[in-house]
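Remarks on the overall topology
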Amino acid sequence: MTQCIAIYDISGIQSFIFSTNKLREIVGGSKIVHKILFELLPKKLRYDNDNWENEDFSKEIPKGRFGNVIYIGGGNALVLYENEKSYQSVTIELQKEVFELSGGGIRLCHAKIEIDHLNQKGSFVEKIQKPLMQALTTYKQNTAPIQTARGFAFGAQDNETKEPIVSVPTSKDSPCKYASYGRFKKNEIFYSTRDEKSSERISKYYADNFEQFRDEGEKSFVAVIHIDGNTMGKQIIDFAKKNEENATLFDQLQNMRELSKEISKIYRDTLDSTVNEIFKKEIKTEKAYRAAQQLTKNIPYREIIADGDDITVIIKSQKALQFCDLFVKTLEKEKEGGNYSHLKDFHISVGIGIAFVHDKFPFSTAYDIAEQLCKNAKKRGLEYPFSKNNIDVTHSSMDFQIIKSGMPTDIKNFRASNYYLDKNNQKPKCLLRRPYLYIKENDKNIPKEYTYTNFIDTYEELVNLGIANNKLKALQHAYATSEMEIDYVIQMIKARKKCELQPWMGNKATYFDILDVWDYLKGGK
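Residues numbered from 1 in each chain as written. Predicted model: local features only at pLDDT ≥ 70, side-chain atom pairs only at ≥ 80, totals over all residues. Heavy atoms only, no water.

**Some points on the overall build of the protein**
- Along the backbone of the protein there are 16 helices and 18 strands.
- Going through the 525 residues of the protein one by one, you find that 51% of them count as buried.
- Accessible area for the protein stands at about 26,100 Å²; split by element, carbon and sulfur atoms hold 47% of it. (Helix = DSSP H or I, 4+ residues; strand = E, 2+ residues; numbered from the N terminus. Buried < 20%, exposed > 50% of the residue type's maximum accessible area, 1.4 Å probe, protein only. Areas by Shrake-Rupley, 256 points an atom, 1.4 Å probe, with all protein chains shown as cover.)

**A closer look at the packing of helix 6 (residues 232-242) against helix 7 (residues 249-278)**
- Where helix 6 contacts helix 7, the axes come no closer than 11 Å and their chain directions differ by 150°. Comparing the axis directions of helix 6 and helix 7 gives the class roughly antiparallel. At the point where helix 6 passes helix 7, the crossing takes the right-handed sense. Across from Met232, Ile236, Phe239 and Ala240 in helix 6, the residues of helix 7 making contact are Gln252, Asn255, Met256, Leu259 and Ile263.
- When the residues that make up the contact of helix 6 with helix 7 are grouped by side-chain class, the tally is seven nonpolar, two polar and no charged. (Axes fitted to C-alpha atoms, helices over the stretch in contact; angles between N-to-C directions. Parallel < 35°, antiparallel > 145°, perpendicular 65-115°, else oblique. Left-handed = near helix turned anticlockwise from the far one by under 90°. Contact = heavy atoms within 4.5 Å. Nonpolar A, V, L, I, M, F, W, Y, C, P; charged D, E, K, R; others polar.)

**Points about the environment of Asp228**
- Following the sequence through the fold, Asp228 ends up in strand 7 (residues 221-229).
- Remark: the alpha-carbon pair of Asp228 and Gly351, spanning 123 residues in sequence, is separated by 5.4 Å.
- Among residues more than four places away in sequence, those in contact with Asp228 are Asp309, Asp310, Val350, Gly351, Cys374 and Lys378.
- Looking at Asp228, its side chain comes within polar contact range of the side chain of Lys378, at 3.3 Å. (Polar contact = N/O pair within 3.5 Å; in protein donor to acceptor, adjacent residues only side chain to side chain.)

**Some words on the sheet that holds strand 13 (residues 396-402)**
- Across the sheet, six strands lie side by side as 8-9-7-10-13-16; this open sheet has mixed pairing. In this open sheet, the two strands that pair with only one neighbour each are strand 8 (301-307) and strand 16 (436-438). In this sheet, adjacent strand axes meet at a mean angle of 20° when their direction is disregarded.
- Summarising the sheet, strand 7 and strand 9 (residues 310-316) pair through seven bridges and their orientation is antiparallel. Across the sheet, the residue bridging to Ile225 is Val313, located in strand 9.
- Strand contacts of helix 10 (residues 363-383): strand 7, strand 8, strand 9, strand 10 (350-358), strand 13 and strand 16, with the helix running at about 145° to strand 10, the strand carrying the most contacts. (Pairing = 2+ DSSP bridges.)

**Some points on the packing of aromatic side chains**
- Enumeration according to the criterion identifies 19 aromatic pairs in this entry.
- Centre to centre, the rings of Tyr384 and Tyr450 are 6.2 Å apart; their planes meet at 55°, and the pair counts as tilted. Highlighted residues: Tyr384 in the loop between helix 10 and strand 11 (386-388) and Tyr450 in the loop between strand 16 and helix 12 (452-465), separated in sequence by 66 residues.
- Since its relative accessible area comes to 10%, Tyr450 is described here as buried.
- With a centroid separation of 5.1 Å and an interplanar angle of 70°, the aromatic rings of Tyr459 and Trp518 are classed as edge-to-face. With a gap of 59 residues between them, Tyr459 in helix 12 and Trp518 in helix 16 (residues 518-524) connect regions that are remote in the sequence. (Phe/Tyr/Trp six-rings, centres within 6.5 Å; stacked < 30°, edge-to-face > 60°.)

Below, the structure written as structure tokens:
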């Protein structure tokens, strides 16, 4: 019988995870998405303990197993099946489980191609990747998603999911007794995994909510951070083409499998190392608390999505900028010092978007804004590309925005309307220097006002001057008013401090970005 290669793709991930504003349910939704491909798929294929990564990949399917995992990551999976019958059997069972877990909130898309020439030489991209993606596109276009009958509740109806409210069994510590089925499953998954003792990872310290960290009498802001790898698609295609020479299709599949595992590992290890370093004092204190009083204290951090180079986290606002800076530095060190033979020719960098929001702000909207900011940061990187292995790659970059009540969610239009002075001028002055580039060394081709190093250096200069907070607030307000007001406040500060302050770098405001996040920079030190 002819073997086949199948691709599985999860659609609707973001809308499913962020269909609620309750952190526990968001985390539960994220865990469901992870469970589908990383646990359920290997289980349906009959792997022992879902441990597909540590098993050797071969063309022969072991007795008692339906197929061999090629790789899992980025919201999709590739599987080599013995025949089409095995593919259909596993897929039907997997779809049932996905529907039961998500209540129809997630769509599992799939497609397959027959393959009978793995021992032959050829192009992985032309023979496998493109045909699979074409088949998957056809499936998505021609197959309607399966959903529950939303909007047809005999009793109460969930305002967010539009599903009927049902009575559900609860765990002893779960507050969820009456809920829509989809929300119940998210709560169930969250509570079933929260207290797992087998893991020694830092995740056991993650916060269930951020209200517990709120300072009395103060508004509590958190940062929703979205991180995404730069130019990974182009570099993966280049990697695949370089491996076509003198290699069979099976050899190329093996290389793609190892590459996928290395990509997942480098980002996973970088994320864990960053969190451990940022919260090392809190974790040390936490361990002492647990040992002495058995209290359940947490760190103000929660991982929402961590799938390869696609990462979304929520963190206390005062830690956000420090976290992103350290993540980029740790990623570079991990790439240079780690054992990544398949990634050796890759340039690993990321785009980062940070949305500072109140802890009651809808997380779905905050995620959307963070994603916009991440894309905006990547555009700044694309303005200053450099070549590596004949491919244009970019520096890591970051953009941020404080979201206040009543602000529109279209960041591009909001900034165009609110962050420019003298708009009628052909070259109006812009209050923003952001997005910022993370660069190791001075590059004459990159204006220093666009570098994160200069951003921090300028902040430290202001700190060392010891300017009163009311004067800094006055300067921030002046930037939003007029150039005349800016000059007036600058002169007031100079009269007291005998210092030189340059309010503009070209047509960009020198200090506005810093003043905008002044409290968060202070808290991160």
